[in-house]
Amino acid sequence: MSYPSDLKYTKDHEWVKIDGGTAKVGITDYAQKQLGDVVYLELPEVGRTLKQGEVFGTIESVKAVSELYSPVDGEVTEVHAALVQHPEEVNKDPHSSWMIAVKVTGGQDGLLDAGAYTELTK
Amino acid sequence: MVEFGGWDMPVEYQGLGDEHLAVRTRGGLFDVSHMGEIEIAGADALRAVQHITSNDASRLADGQIQYSALTTPQGTFVDDVLTYRLAGDHFMLVVNASNIVKDFHWIAQHVKEAGGDAVAVNTSSRYALIALQGPVAQGVLQTLTGVDLSAIKYYWFATGEVAGVRVTISRTGYTGEDGFEVFAPPNSAERVWDAILHAGKSAGVVPAGLGARDTLRLEAAMRLYGNDMDETTTVVEADLNWIVGWKKESFIGSDVLKHQKAAGAPRKLVGFEMLERAIGRHGYDVYLDGQKAGVVTSGTQTPFLKKAIGMAYLPADRTAPGTEFEIDIRGRRVKAAVVPMPFYKRAK
């Protein structure tokens, strides 16, 4: 799977799609492959403020539990409740499976573009 | 790949979930060559085996196998083992990879202590072990051997050839399915592996890794050494009374086990099912009425039953099915309930 050019990526294998002042956040195809079959997703409450690099939730597969890190500073404005009910969608379509929407207040340093992220995962 | 007991082991091939389902519905092929073999031979071999293991090996005939424990004087597990009777004066114990060195020292010392004509030999490097598990196992393996597999009963073995390689074929496994484990010389193991995969291709046999092996054994409520029992838990606490030969003469730790059987052990291993969406994993604390009361030993989301299940030690008086308790899952208390084991039992 190739990495969409309209997304930015973190070294912790999250993606972020920034559209105006709002960002949607998910995990990358590389991350879902490492995890294997995803079975649970724990996400924060709407209204929570996050710093870049802060843990905002956990994702759990049959094999392992992994923490989710916010790619930006901001406030959680929306949580993808349908994905929590069907977390296996993360395996099927990782780059469309957004987990939270964040009103961005800063902290976008160090995000990678698709090319740099592809290099990182080689 | 992951390091396991000094071996590089594949956690999964095409995917843990798919491999798990393949074994339940068709067949899976596992390379379990990491397992160890320790042989005990001599005129007094039976006496030595009776001294060091909990089960009654005098009940075995040639070609028969039993599940057993290597016990400490405290009735706890040095290891859990399969005892194979190769001949009246020759037994083979199949042991866990991570315990081979420890077990061999323990066995050699205590065989000597038992006295008489018996000697222990670590033969682990002489065998590769390939497990074909699942409902198609017999049909697939039969195309590669002249041994009449239908004549090998569960927990019996035979010798013969598979794909032209001299092997021991054992009707055993660690998945809760019917299947066979094939002991082959290491230099011919690849040939056996390739032949079985090729013969099983049209029946849907796939290679399966350590990940599926763990979720399969847990559904079948088979214990994992180092998780569900170890040198701190007794055979009675692990709820494995059926692998103790209660009528045989004393063995290492038998006094403690007999006492625990009569008076009751303080805690017992139970099966549980999560009542909320979460997985209670190995090492997570268990709470009863707000008090820490035990620990989870194994836990997963099972691909076949599609439930979060596990095993935990609970105080013995709180182990009835339906008993609710809480598991501390990364700081959050999540509800679970005791359920009977095994979680999965194959249709006969």
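Residues numbered from 1 in each chain as written. Chains lettered and ligands numbered in written order. Predicted model: local features only at pLDDT ≥ 70, side-chain atom pairs only at ≥ 80, totals over all residues.

Student: What am I meant to see in the overall build of chain A here?
Tutor: Within chain A, the regular secondary structure consists of 4 helices and 9 strands. Taken over C-alpha atoms, the radius of gyration comes to 13 Å for chain A, in line with the 14 Å a tight globule of 122 residues would show. When burial is assessed residue by residue, chain A has 41% of its 122 residues classed as buried. Residue pairs at least 24 apart in sequence account for 63% of intrachain contacts in chain A once pairs closer than 6 positions are excluded. (Helix = DSSP H or I, 4+ residues; strand = E, 2+ residues; numbered from the N terminus. Rg over C-alpha atoms; globule rule 2.2 N^0.38 Å. Buried ≥ 20, exposed ≤ 12 C-beta atoms within 10 Å, placed from the backbone. Contact = placed C-beta atoms within 7 Å.)

Student: Hey, could you run me through the overall build of chain B in this one?
Tutor: Looking only at helices and strands, chain B has 7 helices and 19 strands in total. Computed over the C-alpha atoms, the radius of gyration of chain B is 20 Å, within 12% of the 20 Å expected from 2.2 N^0.38 for a compact globule of 348 residues. Principal axes of the C-alpha set define a box for chain B whose edges measure 60 × 50 × 35 Å. Within chain B, contacts between residues at least 6 apart in sequence are counted, and of these 68% link residues at least 24 apart.

Student: I keep staring at helix H5 (residues 189–200) of chain B and nothing clicks. Help me out?
Tutor: Side chains three or four residues apart in an α-helix point the same way, a direct result of the helix having 3.6 residues per turn. Residue and element names in this part refer to chain B. Here H5 contains 12 residues, and its C-alpha end-to-end distance of 16 Å stays within 8% of the 16 Å for a straight helix at 1.5 Å per residue. Along H5, the residues that are buried comprise Ala189, Val192, Trp193, Ile196 and Gly200. For H5, the angular spread of the buried residues around the axis is 100°, confining them to a single face. (Expected span 1.5 Å × (residues − 1). Arc of directions from axis to C-beta.)

Student: Hey, could you run me through the interface of chain B and chain A in this one?
Tutor: How big an interface is tends to be stated in terms of accessible area lost as the parts join. With 14 residues of chain B in contact, the opposing surface of chain A contributes 8 residues. Among the secondary structure elements, those contributing two or more residues to the side of chain B that touches chain A are helix H1 (16–25), helix H6 (210–219) and strand E16 (291–301) of chain B.

Student: Would you mind going over the nonpolar core with me for this structure?
Tutor: Side chains of nonpolar character tend, in soluble globular proteins, to be buried together. Core analysis: the largest hydrophobic core is formed by 127 residues, its most contacted members being Ile100 and Val102 of chain A together with Ile130, Leu132, Val182, Val192 and Ile196 of chain B. With 6 residues, the single largest contributor to this core is strand E17 (residues 308–315) of chain B. The contacts of Val102 of chain A, once residues within four sequence positions are left out, are Ala23, Val25, Leu50, Val72, Gly74, Glu75, Val76 and Thr77 of chain A. (Core = buried A, V, L, I, M, F, W, Y, C linked by C-beta atoms within 7 Å.)

Student: How should I be thinking about the sheet that holds strand E19 (residues 332–339) of chain B in this particular structure?
Tutor: Strand pairs in the sheet, formed through backbone hydrogen bonds, run parallel or antiparallel to each other. Residue and element names in this part refer to chain B. What the 6 strands build is a closed barrel, ordered E14-E17-E16-E15-E18-E19; its pairing is antiparallel. If you compare each strand with its neighbour and ignore which way they point, the axes differ by 45° on average. As paired elements, strand E18 (residues 324–329) and E19 share 6 bridges and run antiparallel to each other. Pairing of Ile329 across the sheet is with Arg332, part of E19. (Pairing = 2+ DSSP bridges. Axes fitted to C-alpha atoms, helices over the stretch in contact; angles between N-to-C directions.)

Student: Teacher, can you tell me more about H6 of chain B here?
Tutor: Residue and element names in this part refer to chain B. Most of H6 sits out of view: 8 of its 10 residues are buried. What H6 keeps buried is the set Gly211, Ala212, Arg213, Asp214, Thr215, Leu216, Leu218 and Glu219. Once H6 finishes, Ala221 follows within two positions and takes phi at roughly 60°, a positive value.

Student: I tried to follow unusual backbone geometry on my own but got confused; where do I start?
Tutor: Leave glycine aside and you will find that most residues have negative phi; peptide bonds, for their part, are mostly trans. Residue and element names in this part refer to chain B. Here the residue pair Met341 and Pro342 is connected by a cis peptide bond, since its omega of 0° sits within 30 degrees of zero. Locating Pro342 in the fold gives a position in the segment after E19. Here Ala221, not a glycine, exhibits a phi torsion of approximately 60°, which is positive. Residue classification places Ala221 among the buried positions, given that 20 C-beta atoms sit within 10 Å. Notably, Asp289 is not glycine yet its phi reads approximately 50°, a positive angle.

Student: Looking at this structure, how should I read the domain arrangement of chain B?
Tutor: Residue and element names in this part refer to chain B. When its domains are assigned, chain B resolves into domain 1 (2–33 + 127–219), domain 2 (36–118) and domain 3 (266–339). Here the C-alpha centroids of domain 1 and domain 2 sit 24 Å apart. Tallying the contact residues gives 10 residues for domain 1 and 9 residues for domain 2. Each residue belonging to the side of domain 1 that touches domain 2 can be placed in one class, and the counts come to 7 nonpolar, 3 polar and no charged. (Domains from an automatic or database assignment. Nonpolar A, V, L, I, M, F, W, Y, C, P; charged D, E, K, R; others polar.)

Student: I'm lost on the confidence of the model for chain B in this one. Help?
Tutor: Detailed reading of the predicted coordinates is not advisable wherever pLDDT is low. Here chain B averages 96 in pLDDT, while 100% of its residues score no lower than 70. Here the predicted complex carries an ipTM of 0.76, next to a pTM of 0.91. (pLDDT = per-residue confidence, 0-100.)

Student: Looking at this structure, how should I read the sheet that holds strand E8 (residues 73–79) of chain A?
Tutor: Residue and element names in this part refer to chain A. Spatially, the 6 strands line up as an open sheet ordered E1-E2-E3-E9-E8-E5, and their pairing is antiparallel. Sheet topology places strand E1 (8–9) and strand E5 (49–50) at the edges, where each strand pairs with a single neighbour. As paired elements, strand E2 (residues 14–19) and strand E3 (residues 22–27) share 6 bridges and run antiparallel to each other. The partner of Trp15 across the bridge, within E3, is Gly26.

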